Amino acid sequence: MTSENQEKRPKKEEVNEQTEMLGASESSHEEAQVDLSNKTLGEFRLIRRLGKGGMANVYLAEQTALNRHVAIKVMKNDLVSDATYLDRFKTEAMAAANLNHINIVQVYTIGEADGYNYIAQEYVQGVNLREFIAKNGPPELSVSLHLMKQIASALQKAGEVGIVHRDIKPENIMISRKGIVKIADFGLAQLTLSGERMNLTQEGVTMGTPLYMSPEQVKGNKVDHRSDIYSLGVTCYHMLAGRPPFRGQTAIAIAMKHVNSQPAPLSKRRPDLPVPVCDMIHKMMAKKVTDRYQDAGEILIDLRKISRSLQGDKDEVSLSAFDSNTGAQTSSRAIQPSPKMKPISWSRYLVFGILFLAAGGTLGWLSRPRLNTNPQLNAIERNSPREQFADAMLIGNSEDAWKYLRVKFPTSQERWRAEERLAIQYMNQGRLEEARRIFETFIEQASDDKFNLVPVGFAGRAVIAALEKNYQASDQILADNAQRLSQKLDGPMKPLVRETILQNEEHLENPRMTLSKMFPEETTEG
């Protein structure tokens, strides 16, 4: 899973773009770089560039001596021209190479060839946590706990050997196709966070390190492993709430909120979460280091307690369905997955128009699962709807995985939650008519809404209207259903409604619906 042999070379459409995972975030003011694809550096043959950014270019490469795929991070020459910087880089890279843990991206070696300095790291096929949240919304609690345990385990290992990551954030947390978490850039992040390379006054920064930075890091104080615990708390808050706790127009505005402001209680954004989960995350995010967990081992203890308490619920997902240690598949039969469809951006959809139209018939197809039984669906069969849903969550963007709930567990609550994720995926691909059909079916459940589908349906109507640039109609839908959405909407559609409200506000002079009206409890974060 973590590296591919020559016979199983990753297909282009299956390769995760590891740009941000390896510290190569795209930069608009980056100097043009020569593409080194097909070049050989030492024993590494660079296959193609995965990403480029301010610190390095990242390539998928073949390590010819061992016949395996790796990720090569080629440092930019303007950074390594400073001997002090280069020595520090090598020292930190070798320290990271000594971190051997299943949940940490392994650094294999550092080297220099033909004037290029590089790091060879473990190649992970999957998505990072930011992408996972963007595609699926906040994960189910059992999935979240499963991911949190692995992250905490990695931090515990780093703490034992005295290494501080300094840049724990969703972009640096990879999730493989078997649900294995891999944290990238251990021991390397501080090289780009030393002050001179970070512009906190840059306008328009809405993502990146300041969203997850500890108060002591913002103030330039000495940091230890408890700074990583704070950043883990912010990351977990984002994962469960669907958005980070603080926002701002500039990086420095966001960073200072970590110093001076308290986040909105997670329990208000996710009232369905158990109180111990919310308390645990807020304890990680305590402003004073002495008020936080003092090491990641303490977090693991609490996570295991919570997991044990949830196992008493017969409907809870069995974590053995995606065992992080073995990657074992527990299905009775497995069907090979089909190639994934590349998402279509909103802007491209709006330029080219509606690509998929309803071909007649009624909306009854969603409520009549017997019409959708398709033996050719590519999915893995599980023994319960909860396990089937968890499996689809981990795959992330497989249309067939979501549809399989419709086929095998048509009357379950998980089936309808899968329909919601499927509709979101359709919107992400520009397939608005298909998404609309699902949301309208939700609204039709008004007479017997035992699964609370109606608010999701109206939320979908509003989001789609905004995507079609019909902001007035979107605002009207939100205003007409404000009470229903404010009180009952939860799950992955809620952050989309927030963004839709903000989008409507940008395009309408006097919108009827604002964030303070729809979600008044969320305007108290400071």
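Residues numbered from 1 in each chain as written. Predicted model: local features only at pLDDT ≥ 70, side-chain atom pairs only at ≥ 80, totals over all residues. Heavy atoms only, no water.

This paragraph deals with helix α10 (residues 296-310). For α10, built from 15 residues, the straight-helix expectation of 21 Å at 1.5 Å per residue is met to within 8% by its first-to-last C-alpha distance of 21 Å. Burial in α10 covers these residues: Ala296, Gly297, Ile299, Leu300, Leu303, Ile306, Ser307 and Leu310. Looking at the buried side of α10, the elements it contacts are α4 (141-160), α6 (225-241) and α9 (275-284). One side-chain oxygen of the residue at the start of α10 lies 2.8 Å from the amide nitrogen of Gly297, identifying that residue as Asp295. (Helix = DSSP H or I, 4+ residues; strand = E, 2+ residues; numbered from the N terminus. Expected span 1.5 Å × (residues − 1). Buried < 20%, exposed > 50% of the residue type's maximum accessible area, 1.4 Å probe, protein only. Contact = heavy atoms within 4.5 Å. Polar contact = N/O pair within 3.5 Å; in protein donor to acceptor, adjacent residues only side chain to side chain.)

Okay, the nonpolar core next. Ranked by internal contacts, the top residues of the largest apolar core, which has 53 residues, are Met148, Phe186, Ile281, Met284 and Ile299. Broken down by secondary-structure element, the contributors of at least two residues to this core are α3 (129-136), α4, β8 (173-176), β9 (181-183), α6, α9 and α10. Per element, the largest residue contribution to this core is 10 residues, and it comes from α4. When residues no more than four places from it in sequence are discounted, the contact partners of Met284 are Met148, Ile229, Tyr230, Leu232, Gly233, Arg292, Tyr293 and Ile299. By size, the runner-up hydrophobic cluster in this structure holds 39 residues, among which are Phe389, Met427, Ala459 and Met513. (Core = buried A, V, L, I, M, F, W, Y, C linked by side-chain atoms within 4.5 Å.)

Strands belonging to one sheet form pairs held by backbone hydrogen bonds; the direction of such a pair is parallel or antiparallel. A sheet is described by the order of its strands in space; here 6 strands give the open sequence β1-β2-β3-β4-β6-β5, paired in antiparallel fashion. Unpaired on one side and paired on the other, β1 (40-41) and β5 (107-113) mark the two borders of the sheet. Pairing of strand β2 (residues 44-52) with strand β3 (residues 56-63) involves 7 bridges; the strand directions are antiparallel. Residue pairing in the sheet places Lys52 in a bridge with Asn57 of β3. (Pairing = 2+ DSSP bridges.)

We now examine unusual backbone geometry. A positive phi angle, close to 80 degrees, is found at Arg166, a residue other than glycine. By secondary structure assignment, the location of Arg166 is in the loop between α4 and β8.

Bringing helix α18 (residues 471-480) into the picture now. Among the residues making up α18, those that are buried are Tyr471, Ser474, Asp475, Ile477, Leu478 and Ala479. Looking at the buried positions of α18, the neighbouring elements they touch are α17 (454-467), α19 (482-488), α20 (493-507) and α21 (515-518).

The next point concerns the sheet that holds β8. Pairing is antiparallel across the open sheet formed by 3 strands, whose spatial order is β7-β8-β9. At either margin of the open sheet sits one strand with a lone partner, and together these are β7 (126-128) and β9. Along the sheet, successive strands turn relative to each other by an average axial angle of 25 degrees, direction set aside. As judged from the 3 bridges shared by β8 and β9, these two strands associate in the antiparallel manner. Opposite Ile173, over in β9, you have Ile183 as the bridge partner. (Axes fitted to C-alpha atoms, helices over the stretch in contact; angles between N-to-C directions.)

Summarising the model, the protein shows a mean pLDDT of 76, and 72% of its residues fall at 70 or more. Below a pLDDT of 50 lies the segment residues 192-208, which in the model reaches 35 contacts outside its immediate sequence neighbourhood of four places, other chains included. (pLDDT = per-residue confidence, 0-100.)

Tracing the sequence through the fold places Asp475 in helix α18. One buried charged residue, Asp475, remains without a salt bridge, the closest side chain of opposite sign being Arg512 at 5.4 Å. Only 2.7 Å separates the side chain of Asp475 from the backbone nitrogen of Arg512, close enough to count as a polar contact. Setting aside its immediate chain neighbours within four residues, Asp475 contacts Asn504, Leu508, Pro511, Arg512 and Met513. (Lys, Arg positive; Asp, Glu negative; His and termini not counted. Salt bridge = Lys/Arg side-chain N within 4 Å of Asp/Glu carboxyl O.)

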